[in-house]
Amino acid sequence: MTTELEVEQRPLRDAARKFLDHHASSAQVHEIASATPALDRSYWTAATDLGWTSLLVPEGAGGGSISGHPFADLGVLAEESGRHVAPGPLIPCNVVAWVLSHANTPVNGDALSAILDGSAVAAWALAEGNRWGPDTIAARAERTADGYVIRGVKHVVEAAPDADLFLVTARVADGIGHFLVDSSQPGLTVRPQRGLDPTRTFGTVEFAAVHVPETARCTGDLTELAYCAAIAIQAAETTASMRHVFDMTIAWVTNRYAFGRVIGSYQAIKHRLAEDLLAVEAAAGVTAGLAAALDAGSPDASQLASAAKVHIGDAAVTLVQDAIQIHGGIGMTWEHDLHLHLRRASTNRVVYGSPAEHRERLCQLAGV
């Protein structure tokens, strides 16, 4: 989450906010949450027309950032997504687009173009069981005479029920590989999963001897950076949600009276809000640091990504739960926005690794 926007980033923020005010207002998000989860393709196409999937892609491949800092720019969009609890596969589409555009060997250029213009939705098939780290991959891609055969099961795949393309992370003879697989490929089965966040779709994807050509493989050392990129986008989104909920709560406690005083004047409320503000500012700092590290190609990106997950994962859920308690009965109703932020924060807490998993990962990165 950017602490202060560059001049070039302000129009990006304003355009995203205006778009989401129109397409993802509180009433519209509640309506989406009450319906069967599914992506509105016209909404997503309109979002990609604004460049939502092209910021991490180099200009030569059809993309381009606004300020020259692509991860910081995408963080601006993610902030607005978090503030609105907006639907849409922002994270997986951007991660897949980044991988396709940074592979050492050309993959399907038409696929990248389709992701950029919104005509195709991409999903990243990474997690297996309840483990997310790149070192936990068990799915395998075995070499054949004319390509590869992929076998394995991927869980909690965001946008899987809506996806036209899957980026599959699997073990190969020389390490970890990424493969672009069409959703219509024989042997590929998607089973939708019921998620806590009703505005996004998830699914389990099974690859039962799925044959792909040699050209489906994205070569290069991409796994760790793709993982950090996903966390960076998610961190910016969750941090903005935290700040929005905090602002909502400040407005509430300065206007709600109890026993003849605004409730914000009570010491217990002040102490709780002070802790919440500290959590928001710390989240903003580590998120901005992670985006800057990715933009600079810093070797610290992996540690910062895990540090962001450790802090934000727990702090976001705690902050929204505090807000619900402070709001009282109204905060627990279906009509209020707080439960949507709690559902998004709770989902983001575990997707791409829980705080406990990333504490362990930090120890491993430090050689402990």
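Residues numbered from 1 in each chain as written. Predicted model: local features only at pLDDT ≥ 70, side-chain atom pairs only at ≥ 80, totals over all residues. Heavy atoms only, no water.

All right, on to the UniProt feature "domain: Acyl-CoA dehydrogenase/oxidase C-terminal" (unreviewed entry) in the protein then. Under the UniProt annotation, "domain: Acyl-CoA dehydrogenase/oxidase C-terminal" (unreviewed entry) lies at residues 235–360. The distance from the first to the last C-alpha atom of residues 235–360 is 19 Å, and the span holds 75% helix and 3% strand. (UniProt positions renumbered as here; feature names shortened; annotations may be inferred. Helix = DSSP H or I, 4+ residues; strand = E, 2+ residues; numbered from the N terminus.)

Here the focus is the UniProt feature "domain: Acyl-CoA dehydrogenase/oxidase N-terminal" (unreviewed entry) in the protein. Per the UniProt annotation, the sites labelled "domain: Acyl-CoA dehydrogenase/oxidase N-terminal" (unreviewed entry) are residues 8–102. Helix makes up 64% of residues 8–102 and strand 0%, and the two end C-alpha atoms of the span are 24 Å apart.

This part covers helix H7 (residues 223–253). For H7, spanning 31 residues, the distance from its first C-alpha to its last is 45 Å, which sits close to the expected 45 Å at 1.5 Å a residue. Across the 31 residues that make up H7, a large majority, 23, are buried. (Expected span 1.5 Å × (residues − 1). Buried < 20%, exposed > 50% of the residue type's maximum accessible area, 1.4 Å probe, protein only.)

With that settled, consider the pattern of salt bridges. When charged atoms on two side chains of opposite charge get close, those side chains can pair. Throughout the structure, instances matching the rule amount to 18 salt bridges. In this structure, a network of salt bridges that share partners links the residues Glu158, Asp197, Arg200, Glu237 and Arg344. (Salt bridge = Lys/Arg side-chain N within 4 Å of Asp/Glu carboxyl O.)

One pass over the full model with this rule turns up 3 cavities of 30 Å³ or more. Considering only enclosed or pocket space, the largest cavity measures out at about 70 Å³ in volume. Lining the largest cavity, in full, are Ile231, Gln234, Ala235, Thr238, Ala308, Lys309, Ile312, Gly313, Ala345, Asn348 and Arg349. Contributions of two or more residues to the lining of the largest cavity are made by H7, helix H9 (301–327) and helix H10 (338–350). Residues belonging to the lining of the largest cavity are distributed by class as follows: 5 nonpolar, 4 polar and 2 charged. (1 Å grid on protein atoms, 1.4 Å probe; cavity = no way out; pocket = protein on both sides within 12 Å on 5 of 7 lines; lining within 4 Å. Points joined across faces, edges and corners; volume = space filled by probe spheres on them. Nonpolar A, V, L, I, M, F, W, Y, C, P; charged D, E, K, R; others polar.)

To continue, consider the domain arrangement of the protein. Segmentation of the protein into domains returns domain 1 (3–117), domain 2 (122–218) and domain 3 (222–366). Measuring from the centre of the C-alpha atoms in domain 1 to the corresponding centre in domain 2 gives 22 Å. Residue-level contacts link 26 residues of domain 1 with 18 residues of domain 2. Summing the contributions of domain 1 and of domain 2, the shared interface buries around 1800 Å²; its carbon and sulfur component is 68%. Between the two partners, domain 1 and domain 2, sit 1 salt bridge. As a salt-bridge pair, Asp164 and Arg41 come within 3.1 Å of each other at their nearest N and O atoms. (Domains from an automatic or database assignment. Contact = heavy atoms within 4.5 Å. Buried area = accessible area lost by both parts, 1.4 Å probe.)

Quick look at the layout of surface pockets now. Taken as a whole, the largest pocket spans an internal volume of roughly 410 Å³. Residue lining of the largest pocket: 23 residues in total, with Ile32, Ala38, Asp40, Tyr43 and Pro87 positioned closest to the centre. Ranked by residues supplied to the lining of the largest pocket, first place goes to helix H2 (residues 26–34) with 3 residues. Within the lining of the largest pocket, the residues separate by chemical class into 11 nonpolar, 7 polar and 5 charged.

So, on to the nonpolar core. General note: in soluble globular proteins, nonpolar side chains tend to be found buried as a group. One finds Trp44, Trp52, Trp124, Ile150, Phe166, Met242 and Tyr352 to be the most contacted residues of the largest nonpolar core, which totals 117 residues. Here this core gets 15 residues from one element, more than from any other, and that element is H7. If we skip the residues at most four places from it in the chain, Phe166 touches Ala123, Val157, Ala160, Phe179, Leu180, Val181, Ser183, Leu188, Val190 and Val205. (Core = buried A, V, L, I, M, F, W, Y, C linked by side-chain atoms within 4.5 Å.)

A few words now on the packing of aromatic side chains. Counted under the stated rule, the structure contains 6 aromatic pairs. When the centroid spacing of 5.7 Å and the interplanar angle of 20° are considered together, the rings of Phe19 and Tyr43 count as stacked. Remark: Tyr43 occurs in helix H3 (residues 41–49) and Phe19 occurs in helix H1 (residues 9–23); sequence separation between them is 24 residues. Overall, Phe19 belongs to the buried group, its relative accessible area being 9%. Measuring from ring centre to ring centre gives 6.5 Å for Trp44 and Trp52, while their planes differ by 80°; the resulting arrangement is edge-to-face. Summarising the burial analysis for this pair, Trp44 and Trp52 share the class buried. Through successive ring pairs, a cluster of aromatic residues spans Phe19, Tyr43, Trp44 and Trp52. The ring of Tyr266 has Arg261 sitting right over it, with the charged end atom 4.2 Å from the ring centre. (Phe/Tyr/Trp six-rings, centres within 6.5 Å; stacked < 30°, edge-to-face > 60°. Lys NZ or Arg CZ within 6 Å of the ring centre and 35° of its normal.)

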